[in-house]
Amino acid sequence: MSSVTPFLDSDLRLGRAVALIGAEEGKYPAGNSLLVVGADTSVLIDPSVSVFDRGGAPAPVDRILLSHAHEDHMAGIGVFPDAPVHAHHEDLLGVRSLDGLMEMYGMTPEHDAIFRDVVLDEFHFTERPDACGFADGDRFDLGGGLRVEVVHLPGHTRGHCGFLVEPDGVFFVADVDLSSFGPYYGDHWSDLEDFEAALARCREIDARWYATFHHKGIVEGRAEFLTALDAFEAVIARRERRLLDFLAEPRDFPEIVAHRLVYRPGVDIMWADETETRTAQRHLVRLLRDGQVHEIEPGRYRAA
Ligand SMILES: [Zn+2]
């Protein structure tokens, strides 16, 4: 079923072995997939809807590696029915079954029913019950000294990972996407403080190129990467500041959710309230823990 398709002008070649295969600048629902061609083995990381639409990749694909189990990163899996699929063991349930994927999002029953159809119809979700788990530090040797190393970067999901391609010096950071939207940690499977620790880990990794699944695409050199990472991480502090400012007056939790920390007031995304609820909870929990906010009566909060 899968076939070798030519490179397109929108593909970015990074040295001899690596290419970022993208479309529409990685804007959701599209994304940038990373193709790594070794002497013995080729892997495709995060096959996007664009890969599905192309019906293949510009090289035979022996294995698929997933940064995490989200619909947009798995849309092209069905194009490669014979390629083993690998993901971090904490995200395997979302690769192995649709029920598992929906559990990771944690939507209300009404939204779950709607989004299941979207995942199937628009993202071509293909269950892979045979998917294999990997862990931080695991390596895939592709021959000729080329290797892909797993870097566990949890927070966006529990099993979210980056991949470091050496000796070429390409670090695929997946949904540490350096966007102006900022880090997304609004799913059942997300965690704010894990995300912050993952950002700290990204800072330590010295690469020649940094590749994101969305938006930025390629950042060249560590200095530019750290500048982009600073701006990306600053969004977390901005959300927390917005919450603290709002709590200058006593508020209950529904008021906080309605005030919105993540999406702009006019944004009409189906799951906005669920994302806002989890994001606000995560910030509120630590502000309470750190004594910056007090619960002045049950369910009512005010900044200290
Ligand atoms: Zn994601």
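Residues numbered from 1 in each chain as written. Predicted model: local features only at pLDDT ≥ 70, side-chain atom pairs only at ≥ 80, totals over all residues. Heavy atoms only, no water.

1. Quick look at the packing of aromatic side chains
For the structure shown, the criterion picks out 10 aromatic pairs. Residues Phe 171 and Tyr 210 carry aromatic rings whose centres are separated by 6.2 Å and whose planes lie at 70 degrees to one another, so their mutual orientation is edge-to-face. With Phe 171 in strand 13 (residues 170-174) and Tyr 210 in strand 14 (residues 209-212), this residue pair connects regions lying 39 residues apart in the sequence. Summarising the burial analysis for this pair, Phe 171 and Tyr 210 share the class buried. Taken together, the ring pairs connect Tyr 105, Phe 115 and Trp 271 into an aromatic cluster. Just above the ring of Trp 189 sits the side chain of Arg 158; from NZ or CZ to the centre is 3.5 Å. Over the ring of Phe 181 we find Arg 239; its NZ or CZ atom is 5.7 Å from the centre of that ring. (Phe/Tyr/Trp six-rings, centres within 6.5 Å; stacked < 30°, edge-to-face > 60°. Helix = DSSP H or I, 4+ residues; strand = E, 2+ residues; numbered from the N terminus. Buried < 20%, exposed > 50% of the residue type's maximum accessible area, 1.4 Å probe, protein only. Lys NZ or Arg CZ within 6 Å of the ring centre and 35° of its normal.)

2. A few points about the sheet that holds strand 12 (residues 161-166)
Read from one edge to the other, the open sheet built from 6 strands follows the order 10-11-12-13-14-15, with strand pairing classed as mixed. Two strands bound the open sheet, and with one partner strand each, they are strand 10 (139-143) and strand 15 (218-220). Shown here is a sheet whose adjacent strand axes are inclined to one another by a mean of 20 degrees, direction ignored. Along the sheet, helix 6 (residues 222-246) contacts strand 13, strand 14 and strand 15; its crossing angle with strand 15, the most-contacted strand, is approximately 125 degrees. (Pairing = 2+ DSSP bridges. Axes fitted to C-alpha atoms, helices over the stretch in contact; angles between N-to-C directions. Contact = heavy atoms within 4.5 Å.)

3. Observations regarding the coordination of the zinc ion
Reference values for angles at a metal are 109.5 degrees in the four-donor tetrahedral case and 90 or 180 degrees in the six-donor octahedral case. Around the zinc ion, the protein contributes the donor atoms His 68 (NE2), His 70 (ND1), His 156 (NE2) and Asp 175 (OD), at 2.1 to 2.2 Å from the metal centre. Relative to the metal, the 4 donor atoms surrounding the zinc ion lie at angles of 86 to 177 degrees, and the coordination shape comes out irregular. Linear spacing of the donor residues for the zinc ion on their chain is H-x1-H-x85-H-x18-D. Of this pair, His 70 sits in the loop between strand 7 (63-65) and strand 8 (85-88) while His 156 sits in the loop between strand 11 (146-152) and strand 12, and the two are 86 residues apart along the sequence. Each member of the pair, His 70 as well as His 156, is classed as buried. (Donors = N, O, S within 2.8 Å, 3.2 Å for Na, K, Ca; no water. Tetrahedral: all angles 85-135°; square planar, octahedral: opposite > 155°, others 65-115°.)

4. Description of helix 4 (residues 109-121)
Here helix 4 is 13 residues long and its end C-alpha atoms lie 19 Å apart, about the 18 Å a rise of 1.5 Å per residue gives. Regarding helix 4, the residues found buried are His 111, Asp 112, Phe 115 and Val 119. Down the axis of helix 4, the sector holding all buried residues measures 100 degrees, keeping them to one side. Residues of helix 4 that are exposed and point over 90 degrees away from its buried face: Pro 109, Glu 110 and Asp 121. (Expected span 1.5 Å × (residues − 1). Arc of directions from axis to C-beta.)

5. Structural notes on the pairing of strand 13
The side chains of a regular strand alternate between the sheet's two faces. Within strand 13, 5 of the 5 residues are buried, leaving the element largely enclosed by the surrounding structure. The side-chain alternation of strand 13 yields two buried faces, one formed by Val 170, Phe 172 and Ala 174 and the other by Phe 171 and Val 173. Turn length for the strand 12-strand 13 hairpin, with the two strands adjacent in sequence and antiparallel, is 3 residues, and the turn residue Gly 169 shows positive phi of about 75 degrees. Handedness of the strand 13-helix 5 (residues 192-204)-strand 14 crossover: right-handed. (Right-handed = clockwise from strand over helix to strand, strands pointing away.)

6. Here we look at the pattern of salt bridges
The tally for this structure, following the rule as stated, stands at 15 salt bridges. With its nearest N and O atoms 4.0 Å apart, the salt bridge here joins Glu 149 to Arg 139. In this pair, Glu 149 sits in strand 11 while Arg 139 sits in strand 10, placing the two residues 10 residues apart along the sequence. Glu 149 gets classed as partly exposed once you look at its relative accessible area, which sits at 27%. Residue class for Arg 139 comes out partly exposed when judged on its relative accessible area of 49%. (Salt bridge = Lys/Arg side-chain N within 4 Å of Asp/Glu carboxyl O.)

7. Examining the side chain of Asp 11
Looking at where Asp 11 falls in the secondary structure, it is placed in the loop between strand 1 (3-4) and strand 2 (12-14). A polar contact is formed between the side chain of Asp 11 and the side chain of Arg 54, at a distance of 2.9 Å. (Polar contact = N/O pair within 3.5 Å; in protein donor to acceptor, adjacent residues only side chain to side chain.)

8. Details of the packing of helix 6 against helix 8 (residues 272-289)
Relative orientation of the contacting elements helix 6 and helix 8 amounts to 75 degrees, with a least axis distance of 10 Å. If you check the angle between helix 6 and helix 8, you find them roughly perpendicular. Contacts from Ile 236, Arg 239, Glu 240, Leu 243 and Leu 244 in helix 6 reach Ala 280, His 283, Leu 284, Arg 286 and Leu 287 in helix 8. (Parallel < 35°, antiparallel > 145°, perpendicular 65-115°, else oblique.)

9. Concerning the domain arrangement of the protein
According to the domain assignment, the protein consists of domain 1 (3-233) and domain 2 (247-303). One C-alpha centre belongs to domain 1, the other to domain 2; they are set 30 Å apart. Every contact between the two is made by 18 residues of domain 1 and, on the other side, 12 residues of domain 2. Buried surface at the junction of domain 1 and domain 2, summed over both partners, amounts to about 1300 Å²; 52% is from carbon and sulfur atoms. Considering only the side of domain 1, the residues that lose the most area to domain 2 are His 111, Tyr 185 and Leu 192, jointly responsible for 31% of the buried surface there. Linking domain 1 to domain 2 there are 3 salt bridges. Glu 196 is the salt-bridge partner of Arg 286, the closest N and O atoms lying 2.7 Å from each other. Inspection of the domain 1/domain 2 interface yields 12 residue pairs in polar contact (both at pLDDT 80 or more). Mapped onto the side of domain 1 that touches domain 2, the elements with two or more residues apiece are helix 4 and helix 5. Per-class residue counts for the side of domain 1 that touches domain 2 are 8 nonpolar, 6 polar and 4 charged. (Domains from an automatic or database assignment. Buried area = accessible area lost by both parts, 1.4 Å probe. Nonpolar A, V, L, I, M, F, W, Y, C, P; charged D, E, K, R; others polar.)

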